Amino acid sequence: MNSKKIRMAVIGLGHMGQYMLRLAAQPEFAQAVEIAAICEANEQAREQFRHTYRDSLPHAVWSSDYAALLEETDADLACISVPPAFHNHIVMEALRRKIHVFCEKPLANSVEEARELLQQAREAEVVHAIHFSMPHEPAVERVRHMLAEKAIGEIRKLDLILQFPQWPRAWQHNSWIGTRQQGGFVLEVGVHWIHVIQKLLGRITNVQSELELPAESGRCEKGIRAALRLDSGIPVHVSGMSGFSGEERVSLILYGTEGTIALENWDHLYTGAVGQPLEPVQVEDSADTLPVVRQVIRAIQGKPARYFTFQDGYDAQVVLEALRHPASSGWEDIWPQYS
């Protein structure tokens with residue numbers, strides 16, 4: 001692509017969609033990207049945001065019809081920020097039109113949909129990016145380097161802890177994030193860690209999962225106990241629950257033959273040798289306000305870029321759905337049916 005601005009269509013004004021609108025005021029973003037179109041099905045929300053951004057986005061087209069919007073605005077890039085159940089139809093529409101796609105996670109609402117989107121994205125030969133941001137975070141980058149240097153020896157096992165005093169959390173106000181179909185902390189939060197684990201240590205191949213479900217039909221899980229195994233044989237234990245008195249905890253603990261690495265509450269890093277207490281590891285705060293978006297822009301411009309594709313989304317989806325829909329026979333080899 002030449003030096004002209006990338007014309008972006010923002011579809012869905014969820015958290016990520018609103019983030020994109022705010023980015024329009026940042027010079028680095030504005031030099032490369034023009035937000036040309038915004039789609040939001042909720043009329044009240046659409047008009048509210050149209051009023052809020054009338055001065056900063058005076059030429060943007062606003063609509064409730066994503067297909068018509070993509071047809072009429074000649075978009076180069078579609079940013080998809082809608083609930084998971086709607087990803088398939090909207091992303092497919094963009095791919096059929098050879099439009100680059102930046103999609104919120106999870107990629108789809110089932111493995112079958114994720115596989116269909118991956119195939120279509122490959123055929124379209126466009127940039128197909130999913131919003132996995134954690135591997136760009138300084139703490140996760142530091143863990144990656146520590147593992148490469150064998151700072152704690154050979155990995156013996158991993159513990160993934162997902163604890164939420166309430167779910168949805170107080171700041172999560174939408175109609176779907178607490179549903180069994182397309183919500184729950186395993187889907188919304190767990191998918192990030194599935195991706196991180198597979199990027200750090202390789203493919204998860206086997207899953208044994210047990211969910212604690214509420215009496216109310218259609219509501220998401222209250223707890224999960226799961227055992228996973230990597231292709232290398234390393235075990236991963238998953239323990240999660242919501243609905244208790246206490247603090248939120250989202251942590252990944254890596255136990256090695258010579259020590260431990262703990263990534264506590266997303267980005268607080270600790271390590272220690274066997275038999276010694278864990279000590280904090282200083283990690284620089286990220287000054288990058290466009291960690292993933294910048295990479296997507298670079299990829300569209302034909303420059304070297306580090307971002308995560310629909311293949312990454314599909315690989316995470318296979319594990320995610322095995323956790324959310326446990327096999328009745330216990331351990332499940334999750335890949336033969338999807339390879």
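The rules we used
Residues numbered from 1 in each chain as written. Predicted model: local features only at pLDDT ≥ 70, side-chain atom pairs only at ≥ 80, totals over all residues. Heavy atoms only, no water. 1 Å grid on protein atoms, 1.4 Å probe; cavity = no way out; pocket = protein on both sides within 12 Å on 5 of 7 lines; lining within 4 Å. Points joined across faces, edges and corners; volume = space filled by probe spheres on them. Helix = DSSP H or I, 4+ residues; strand = E, 2+ residues; numbered from the N terminus. Nonpolar A, V, L, I, M, F, W, Y, C, P; charged D, E, K, R; others polar. Core = buried A, V, L, I, M, F, W, Y, C linked by side-chain atoms within 4.5 Å. Buried < 20%, exposed > 50% of the residue type's maximum accessible area, 1.4 Å probe, protein only. Contact = heavy atoms within 4.5 Å. Pairing = 2+ DSSP bridges. Phe/Tyr/Trp six-rings, centres within 6.5 Å; stacked < 30°, edge-to-face > 60°.

The protein chain is annotated in an unreviewed UniProt entry as Gfo/Idh/MocA family oxidoreductase from Paenibacillus melissococcoides.

Colleague: How would you summarise empty space enclosed by the protein if you had to cite specific residues and measurements?
Modeller: Tallying each qualifying case throughout the model produces 1 cavity of 30 Å³ or more. Estimated volume of the largest cavity: approximately 70 Å³. Looking at the largest cavity, the residues that line it are L160, L162, V186, G190, I194, I197, I204, I224, L228, V236, V238 and L323. Elements with a contribution of two residues or more to the lining of the largest cavity: β7 (155–164), α8 (185–201), β9 (223–230) and β10 (235–242). In terms of residues, the lining of the largest cavity owes the most to one element, α8, which gives 4 residues. Considering only residue class, the lining of the largest cavity consists of 11 nonpolar, 1 polar and no charged.

Colleague: If you had to explain the nonpolar core to someone new, which residues and values would you point to?
Modeller: Counting 83 residues, the largest nonpolar core has I80, W193, L228, F310 and L323 as its most contacted members. Sort the elements by how many residues they give to this core and α8 lands first, with 10 residues. In this structure, L228 is in contact with I204, N206, V207, I234, P235, V236, V238, V319, L323 and W331, ignoring residues within four places of it in sequence. With 30 residues, the next largest nonpolar core counts I6, I38, L77 and C79 among its residues.

Colleague: Explain the sheet that holds strand β13 (residues 268–273) to me, and be specific about the residues and the numbers.
Modeller: As summarised here, the arrangement of the 9 strands in space is β14-β13-β12-β11-β7-β10-β9-β8-β15, forming an open sheet in which the pairing is mixed. Of all the strands in the sheet, the pair left with one neighbour each is β14 (279–280) and β15 (332–333). Two strands pair when backbone bridges link them, and strand β8 (residues 204–212) and β9 are joined in this way by 8 bridges, in the antiparallel orientation. Across the sheet, the residue bridging to E210 is R225, located in β9.

Colleague: With reference to specific residues and values, describe the packing of aromatic side chains.
Modeller: One pass over the structure, following the stated rule, counts 5 aromatic pairs. Centre to centre, the rings of W167 and F185 are 6.2 Å apart; their planes meet at 70°, and the pair counts as edge-to-face. Taken together, the residues span a long stretch of sequence, with W167 in the loop between β7 and α8 and F185 in helix α8 at a distance of 18 residues. Judged by relative accessible area, F185 falls into the buried class, the value being 0%. With a centroid separation of 5.7 Å and an interplanar angle of 45°, the aromatic rings of W193 and W266 are classed as tilted.

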